[in-house]
Amino acid sequence: MTTQKITIKDIYTRKIGGERYEYEAEYSPGESVTWNARVYRNGVLKGSTGGIETDNHLEGEELRESIVTLVEVAIEGMQGIGE
């Protein structure tokens, strides 16, 4: 059985500094959610971030919002992202 991958493309503006970043995140729903995101600024790849969420009970829009939050927190903290 192949796990369905979901892709999110969005833009985030950092609260500190106001820099604008584009990102493309991909995740696979389920009990263990693996996610990763590539982060760009002005079309230039600045880094990537990701992780695994275990014991997941979210699905649908709630899971999507959770992944968006994880990506935006990583961008805000510049985790895995270069200037």
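Higher on the page you've got the structure.
A brief report on the enclosed structure follows. What you see is a predicted model, and the numbers here were worked out from it, not measured in a lab.

**Overview of the environment of isoleucine 8**
Mapped onto the secondary structure, isoleucine 8 falls in strand 1 (residues 6-13). Relative accessible area serves as the criterion here: at 3%, isoleucine 8 is assigned to the buried category. Along the chain, isoleucine 8 and glutamate 24 lie 16 residues apart, while their C-alpha atoms are 5.6 Å from each other. Non-local contacts of isoleucine 8, meaning those with residues more than four positions away in its chain, are made with Tyr23, Glu24, Ala25, Tyr27, Arg64, Ile67 and Val68.

**Let's talk about the packing of aromatic side chains**
Within the structure shown, the criterion is met by zero aromatic pairs. It is arginine 41 that lies over the ring of tyrosine 21; its NZ or CZ is 5.7 Å from the centre.

**Thoughts on the pairing of strand 1**
Bridging between strand 1 and strand 2 (residues 20-28) involves eight bridges; their strand directions are antiparallel. Paired with aspartate 10 across the bridge in strand 2 is tyrosine 23. Joining the antiparallel neighbours strand 1 and strand 2 is a turn of six residues, in which glycine 17 adopts a positive phi near 100°.

So, how was this worked out
Residues numbered from 1 in each chain as written. Predicted model: local features only at pLDDT ≥ 70, side-chain atom pairs only at ≥ 80, totals over all residues. Heavy atoms only, no water. Helix = DSSP H or I, 4+ residues; strand = E, 2+ residues; numbered from the N terminus. Buried < 20%, exposed > 50% of the residue type's maximum accessible area, 1.4 Å probe, protein only. Contact = heavy atoms within 4.5 Å. Phe/Tyr/Trp six-rings, centres within 6.5 Å; stacked < 30°, edge-to-face > 60°. Lys NZ or Arg CZ within 6 Å of the ring centre and 35° of its normal. Pairing = 2+ DSSP bridges.

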